[in-house]
Amino acid sequence: MISYVRGAPLTLNKTSRILLLSVLVGVVAGSGAILFNWLLDLCKNFFLVGLAHYSPPGLPKEGGELTEYWGPYSRLLLPLATTLGGLIAGWLVFTFAPEAEGHGTDAVLKAYHHAGGHIRARVPVIKTIASSVTIGSGGSGGREGPIAQIGAGFGSILSHLLKLDDSERRILVMAGAAGGIGAIFHAPLGGALFATEVLYSKLEYETDVLVPSILSAVTAYSIVGYVYGFGSLFLTPGDYFTKPELLPLYLILSLISAAGAWLFVKMFYGSASWFKSLPYPQVIKPALAGFVVGLLGLLVPQALDGGYGWLQMVFLNKFTLWTLLLIAAAKMIATSLSIGSGGSGGVFGPSVIIGATIGGAVGQAFQMAFPGLGIDPVHFSLVGMAAFFSAAAKAPLSSIVMVTEMTGSYGLLVPLMLTSFISYLTLRPSETLYRSQVPERIDSPVHAHEYLRAALVSLEERGMQIPSDVPLPDLARLLDTGQPVLLDPEGEEVMFTLELSEDHPWSGKRIFELDLPPDVLVVSVMREHSDKVVIPRGHTRLEPGDRLVLVGPAYAAHELMERLHSERAQSGGEQSARA
């Protein structure tokens, strides 16, 4: 009987410990959100108000006013403020914690999948200060990234102090991220769902982190609510969906939102690659980006800083169609420069602003085209937020819930559900803002042992004798080498390997499309660029460089070679005929 298990399921005591610690992580995440907001206001008062004599609109829910102030020299001093902020943020990040660059949520995902949940203690501190400086000086970024790292970082530190295992550490890291996101956006359920969904670019969820994330998010939101008040973050119309005839228009919005998300992802990572290629010290690259963002802000001030005051004005229908499109384009450019250059901040905040402005512009266009339908462009702004982020972040369910909690737009759930999932399905899983996502659980090193165990079970069912004294990682390496170490006592079953070249007939095919002899089983696929064992399923697509480990009767290896030779000959003949 196979007994290779790496980390046992949570026991009752272990579960109770995780749930109690999740509450503690939530306390720190909520407190960290308040601290970050305080630091952000401090930096904004110093850089934008004090140095540049410019005051952008603030969110009424957080004590701000929807007014904009330009001082006598603001037009000249604004690029100075953004450049200085970028220089300070770049020095902080690349001197003390280079992993704090960019958007923090992606770093949390990387820690979960590849580092056992380990996050250096200094990273949340540097991320918090650097993000406050980046956004407070006018750089375009979101608050969720640094606050997610505050909660996640504390979860990692707490796990280290209590000597918890990797599985517990990973859970607390994601619970901390959920607490920070749920608190800052007044969306506790959305934050918890986001932590379970954002780990994968396909429709899979990490259910182990759901309940701890809910406890952490509820705790963090309660703490923030005492300071800033409870309820929705934004003031929006409280209407309900009552016109099914508008659903085709919302469907069109989902496709436009997906196209906008695709453009933003390409622009964001294109900017990041370009900055990496510049032959300048990393420290000064955020300053160069800050200067350009400052110039852009002179023309389109809505592209600066967090922009939640401007977003509230979008929900009040204060902008024309062309102004909304201009804000969307400028916000894409400013965020790609501010964060892609190595600056620090999140991408959720800018994404919802871009999505809302695109949605509002589409709504106004439909309103002019179909005046008799009674279209409210603000509804399209609200739905556009979720549709855009769903496509860009591959998180449709949490996008729906977060937008409804942030805006109180529960009456728009029907179009929210339609547009979010259609926009999500429109783009490929690889087209995402979060490069540290993996497609499915089977692709995460966290779950590699589960799928390897499944392969070993299938081998045992074939009559193989599994060496009981070989550790699970060693078995993975044995499968990698393809050596015949798993032997049928009667010698009727053999294990053999097959490597796929560029022109191999199986390259590009799915497992269920292979012409395999009877009783031959593909038990693992070793990717050329990976050191993990991938257990294939029917829809797993093979790539050049893959090494397949197969098991079957001794005669089957020869029969398989004959079939492959025939496929090669047939493929070569077809190519010659086409030539």
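Summarised in this report is the structure supplied together with it. (Residues numbered from 1 in each chain as written. Predicted model: local features only at pLDDT ≥ 70, side-chain atom pairs only at ≥ 80, totals over all residues. Heavy atoms only, no water.)

**Some points on helix 11 (residues 308-315)**
The buried count for helix 11 comes to 8 of 8 residues, which makes it a mostly enclosed element. Within the span of helix 11, buried status applies to Tyr308, Gly309, Trp310, Leu311, Gln312, Met313, Val314 and Phe315. If you follow the buried residues of helix 11, they end up packed against strand 1 (54-55), helix 12 (321-340), helix 13 (348-369), helix 14 (377-393) and helix 15 (396-407). After helix 11 finishes, the residue asparagine 317 shows a positive phi value of roughly 60°. (Buried < 20%, exposed > 50% of the residue type's maximum accessible area, 1.4 Å probe, protein only. Helix = DSSP H or I, 4+ residues; strand = E, 2+ residues; numbered from the N terminus. Contact = heavy atoms within 4.5 Å.)

**Topic: unusual backbone geometry**
Excluding glycine, a negative phi dihedral is what most residues carry, and trans is how most peptide bonds are arranged. Positioned with a positive phi, histidine 53 is a non-glycine residue whose angle comes to about 55°. Tracing the backbone through its elements, the reader meets histidine 53 in the loop between helix 1 (12-51) and strand 1. One non-glycine residue with positive phi stands out, namely lysine 163, at about 55°. Here lysine 163 lies in the loop between helix 5 (144-161) and helix 6 (166-184).

**Overview of the packing of aromatic side chains**
Within this structure, the stated rule accounts for 20 aromatic pairs. Consider the rings of tyrosine 221 and phenylalanine 230, whose centres lie 5.6 Å apart with planes at 80°: the pair is edge-to-face. Classification of tyrosine 221 by relative accessible area gives buried; the value is 15%. Ring geometry for phenylalanine 268 versus tyrosine 269: centroids 5.1 Å apart, planes at 80°, classification edge-to-face. This pair shows no difference in class: phenylalanine 268 is buried, exactly as tyrosine 269 is. Among the aromatic residues, those joined into a cluster by ring pairs are Phe185, Phe194, Phe234, Tyr308, Phe315, Phe348, Phe389 and Tyr434. Across from the ring centre of tyrosine 112, 6.0 Å away, lies the NZ or CZ of arginine 170, which sits over that ring. Above the ring of tyrosine 269, the side-chain terminus of arginine 435 is found at 3.7 Å from the ring centroid. (Phe/Tyr/Trp six-rings, centres within 6.5 Å; stacked < 30°, edge-to-face > 60°. Lys NZ or Arg CZ within 6 Å of the ring centre and 35° of its normal.)

**Some details on the packing of helix 7 (residues 188-197) against helix 15**
Close contact between helix 7 and helix 15 brings their axes to 8 Å; oriented N to C, the two are set at 165°. Classified by the angle their axes make, helix 7 and helix 15 are roughly antiparallel. Crossing angle aside, the handedness with which helix 7 passes helix 15 is left-handed. In contact with Pro188, Leu189, Gly190, Gly191, Leu193, Phe194 and Glu197 of helix 7, helix 15 contributes Pro396, Leu397, Ser398, Val401, Met402 and Glu405. Along the lines of polarity and charge, the residues of the contact of helix 7 with helix 15 split into 8 nonpolar, 3 polar and 2 charged. (Axes fitted to C-alpha atoms, helices over the stretch in contact; angles between N-to-C directions. Parallel < 35°, antiparallel > 145°, perpendicular 65-115°, else oblique. Left-handed = near helix turned anticlockwise from the far one by under 90°. Nonpolar A, V, L, I, M, F, W, Y, C, P; charged D, E, K, R; others polar.)

**Some details on the pairing of strand 6 (residues 547-553)**
Counting buried positions over the 7 residues of strand 6 gives 6, a clear majority of the element. Of the pairings in the sheet, the one linking strand 4 (residues 521-526) to strand 6 comprises 5 bridges and is antiparallel in character. Each residue of the ladder has a partner; that of serine 524, found in strand 6, is valine 549. (Pairing = 2+ DSSP bridges.)

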